[in-house]
Amino acid sequence: MVDKVCRECRSIVLSGQSCAVCGSTNLSTDWGGYVVIIDPSRSQIAKKMQITLPGKYALKVR
Ligand SMILES: [Zn+2]
């Protein structure tokens, strides 16, 4: 089974048909690479990607 990624916030959706972060059902299975954000307020990557919640995020989503 391939994990899905939310196209709206790039969060990796591990279960279900909607994103746990933003609630979007706009999901993609065509993505590559990921980062784990533990503390968004201290992470430069999180700032760059505009991530405000901890979690696993895809780097590229098509
Ligand atoms: Zn989302």
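Residues numbered from 1 in each chain as written. Predicted model: local features only at pLDDT ≥ 70, side-chain atom pairs only at ≥ 80, totals over all residues. Heavy atoms only, no water.

As annotated in an unreviewed UniProt entry, the protein carries the name Transcription elongation factor Spt4 and comes from Candidatus Argoarchaeum ethanivorans. Per its UniProt entry, the protein bears the Sequence similarities (unreviewed entry) comment "Belongs to the archaeal Spt4 family." For the protein, the Function (unreviewed entry) comment in UniProt is given as "Stimulates transcription elongation." (UniProt positions renumbered as here; feature names shortened; annotations may be inferred.)

What follows concerns the UniProt feature "domain: Spt4/RpoE2 zinc finger" (unreviewed entry) in the protein. The sites that carry the UniProt feature "domain: Spt4/RpoE2 zinc finger" (unreviewed entry) are, in the present numbering, residues 3-62. For residues 3-62, the helix share is 10%, the strand share is 35%, and the end-to-end C-alpha distance is 14 Å. (Helix = DSSP H or I, 4+ residues; strand = E, 2+ residues; numbered from the N terminus.)

Another aspect to go through is the coordination of the zinc ion. Bound to the zinc ion on the protein side are Cys6 (SG), Cys9 (SG), Cys19 (SG) and Cys22 (SG), at distances that span 2.3 Å. Its four donor atoms give the zinc ion angles of 103 to 118 degrees at the centre, a pattern that matches the tetrahedral case. Between the donor residues of the zinc ion, the gaps in sequence give the motif C-x2-C-x9-C-x2-C. Of this pair, Cys6 sits in strand S1 (residues 4-6) while Cys22 sits in the loop between strand S2 (12-13) and strand S3 (27-28), placing them 16 residues apart in sequence. (Donors = N, O, S within 2.8 Å, 3.2 Å for Na, K, Ca; no water. Tetrahedral: all angles 85-135°; square planar, octahedral: opposite > 155°, others 65-115°.)

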